[in-house]
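# Observations on the model geometry
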Amino acid sequence: MVTKAEFRKNSILIIAGNSLTGFGNSMYLVALLVFVSTRFPHPLNIGLVQAAAYLPIVLFGIPAGFLADRSARVPVIAGTDLLRALFLPVCALALMTAKSVPPLAFIIPMLFLNGTMQAFFSPSVISFILDGRLSSVIEESPPRRGARKLDLLSLRTASSHLASLLGQAVGAGLYLVTGIVPILFINGATFLLSGISELFLTENRRATGPGKRKHSLGGLFRELRVTEARGAPVLLYLVSQAAGAAILVNLPFFLGHYLKLPPDYLGYAMAALLGGSIISAFLLGLTGSIPSTRSAYLAASLAAVSLDAAGFLPPGRSPLALAGLLPFLIVTGGATGWIHIVTIHAVHKLGEIESAASRQGFMEAAVNAVLPVSYLASGAVFEQLPLDTPWIIRSVGAGMMVLSGLLWFRQHRRAESTLRRWRP
């Protein structure tokens, strides 16, 4: 249990620390992609970089969730950041001193270690936040009327995304001036500051302490099925992530070949998608409201309609082309961000508290497995179509609408079946 003051302290440390590392991490990732694509412009090298970043989360997401359920989470949260603060500068020093060794020999292991630390960090910090929301004690008697409620998960998401957006802009410009090595040192410093601050977090475990139950992969799948049957939109969340990947694959061609816009406009379009998710996260965070799971299906329908509407923009270069596209992208980003937050809350709330982090670890692993598959499948399909056709983005919207409708109908039928089964 934590007091009101301790809960406020945890909130400040989580938001400030995660924003700091989000800024540093996105800054170095952008610089790293530019570095690899200009110095080693072979598709295999780009693939190795992406695989080294995503594969550890797929491999270690579920074991990391098991660990977070069985042990104290503060050492995991702070320890993973402090370890990243160690090997990022080590990689920078290696790039500076070992000139005869190919840089990718240092960069690929660094990315893999960074991804591994992220795999262990994410389920621990999410379960820490959500368990804190459930078990915190407000030492205020009587409770103050009109007290403002905040949702820490949403605020952490919004602030991290905002910091990442700023980091991307800074990273691209700073790389042109300093190169990759100073950026690695800067990112290491952000993890060091965040890790030190996280050592002062107050553990929010319930009175029973860390979970003592045995965890297994089969048991985790059964519990996720129960959680999904109770209303958590797990499959819808995966569909929305796959649709987002398909959008990103098509967006450069939609802008350049259909709307006839310059390549640098892609940054504005991607910022609009991220900006929409920031808006929805801040809205949920500042109001403190946790929407119903049904709202996730409404958000998916809104994103689908928005994408279809974007697909009907007039072709050709126009001064208003980007102005017409950005609102649809903001709505789409906001809707997918809404689905993300609703799903994470539902997966935590509708299952057993002692396996909450395991479910979050599964969600992280599943998403990071779905994204590469969606990138490859979307690219293979879209390659068979003319680059200037608007039907690509329309088909993504239509597919999302159909799948979300089918999943809502399936969820509705399962809920009715459950009520009949338990009705006296």
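It should be noted that the structure appears before, not after, this text.
Residues numbered from 1 in each chain as written. Predicted model: local features only at pLDDT ≥ 70, side-chain atom pairs only at ≥ 80, totals over all residues. Heavy atoms only, no water.

With that settled, consider the overall build of the protein chain. Within the protein chain one finds 13 helices and zero strands. For the protein chain, the α and β elements follow one another from N to C terminus as α-α-α-α-α-α-α-α-α-α-α-α-α. Here the protein chain, with 424 residues, has 49% of them falling under the buried criterion. A separation of at least 24 residues holds for 90% of the contacts in the protein chain among residues at least 6 apart in sequence. (Helix = DSSP H or I, 4+ residues; strand = E, 2+ residues; numbered from the N terminus. Buried < 20%, exposed > 50% of the residue type's maximum accessible area, 1.4 Å probe, protein only. Contact = heavy atoms within 4.5 Å.)

This next bit is on the nonpolar core. Core analysis: the biggest nonpolar cluster contains 54 residues, and Leu 259 and Leu 325 have the highest contact counts within it. Setting aside anything within four residues of it in sequence, one finds Leu 325 in contact with Phe 254, Leu 255, Leu 259, Ala 310 and Leu 313. Within the second largest apolar cluster, 25 residues are counted, among which are Met 27, Ile 107, Met 110 and Val 181. (Core = buried A, V, L, I, M, F, W, Y, C linked by side-chain atoms within 4.5 Å.)

Bringing the environment of Phe 362 into the picture now. Note that Phe 362 resides in helix 12 (residues 356–382). Relative accessible area serves as the criterion here: at 17%, Phe 362 is assigned to the buried category. A sequence separation of 141 residues divides Phe 362 from Phe 221, and the C-alpha atoms of the two residues are 9.0 Å apart. Excluding its chain neighbours within four sequence positions, the residues that come into contact with Phe 362 are Ile 62, Leu 220, Phe 221 and Leu 224.

Attention shifts here to the environment of Phe 328. Checked against the element boundaries, Phe 328 lands in helix 11 (residues 321–349). For Phe 328, a relative accessible area of 27% gives the class partly exposed. C-alpha of Phe 328 to C-alpha of Ala 309: the two residues are 19 residues apart in sequence and 7.5 Å apart in space. Residues in contact with Phe 328, not counting those within four places in the same chain, are Ser 306, Ala 309, Ala 310 and Leu 313.

Attention now moves to the environment of Val 74. Within the secondary structure, Val 74 is located in helix 3 (residues 74–97). Accessibility expressed as a relative area gives 11% for Val 74, which makes it buried. Along the primary structure Val 74 and Glu 203 are separated by 129 residues, whereas in three dimensions their C-alpha atoms are 6.5 Å apart. Residues in contact with Val 74, not counting those within four places in the same chain, are Gly 79, Phe 128, Glu 198, Leu 199, Leu 201 and Glu 203.

Here we take up the packing of aromatic side chains. Under the criterion given, the structure shown has six aromatic pairs. Taking the centre distance of 6.0 Å and the plane angle of 70° together, the rings of Phe 35 and Phe 40 count as edge-to-face. Judged by relative accessible area, which is 5%, Phe 35 ranks as buried. Pairing Phe 221 with Phe 362 gives two aromatic rings, centres 5.6 Å apart and planes at 90°, and the pair type is edge-to-face. Note that Phe 221 is positioned in helix 7 (residues 217–229) and Phe 362 in helix 12, a separation of 141 residues in sequence. Judged by relative accessible area, Phe 221 falls into the partly exposed class, the value being 38%. Within the aromatic cluster, the residues linked to one another by ring pairs are Phe 60, Phe 112 and Phe 120. A cation over an aromatic ring shows up here: Arg 84 above the ring of Phe 121, its NZ or CZ 5.6 Å from the ring centre. Taking the ring centre of Trp 391 as reference, the NZ or CZ of Arg 394 above it sits at 4.5 Å. (Phe/Tyr/Trp six-rings, centres within 6.5 Å; stacked < 30°, edge-to-face > 60°. Lys NZ or Arg CZ within 6 Å of the ring centre and 35° of its normal.)

Where helix 8 (residues 234–258) meets helix 9 (residues 265–287), the closest approach of the two axes is 10 Å, and the angle between their N-to-C directions is 140°. The orientation of helix 8 relative to helix 9 falls into the category oblique. Crossing angle aside, the handedness with which helix 8 passes helix 9 is right-handed. Together, Ile 247, Leu 248, Leu 251, Pro 252 and Leu 255 of helix 8 and Tyr 265, Leu 266, Ala 269, Met 270 and Leu 273 of helix 9 make up the contact between the two elements. Its residues placed into classes, the contact of helix 8 with helix 9 shows 10 nonpolar, no polar and no charged. (Axes fitted to C-alpha atoms, helices over the stretch in contact; angles between N-to-C directions. Parallel < 35°, antiparallel > 145°, perpendicular 65-115°, else oblique. Left-handed = near helix turned anticlockwise from the far one by under 90°. Nonpolar A, V, L, I, M, F, W, Y, C, P; charged D, E, K, R; others polar.)

Time to look at the side chain of Thr 202. Its location among the elements puts Thr 202 in the loop between helix 6 (180–198) and helix 7. A polar contact is formed between the side chain of Thr 202 and the side chain of Lys 9, at a distance of 2.8 Å. (Polar contact = N/O pair within 3.5 Å; in protein donor to acceptor, adjacent residues only side chain to side chain.)

Before going further, it helps to spend a moment on the pattern of salt bridges. All chains considered together, the criterion is met by four salt bridges. A salt bridge links Asp 81 to Arg 84, with the nearest nitrogen and oxygen atoms 3.1 Å apart. Residue Asp 81 and its partner Arg 84 are both found in helix 3; the two are separated by three residues, about one turn of the helix. Accessibility classification places Asp 81 together with Arg 84 in one group, the buried group. (Salt bridge = Lys/Arg side-chain N within 4 Å of Asp/Glu carboxyl O.)

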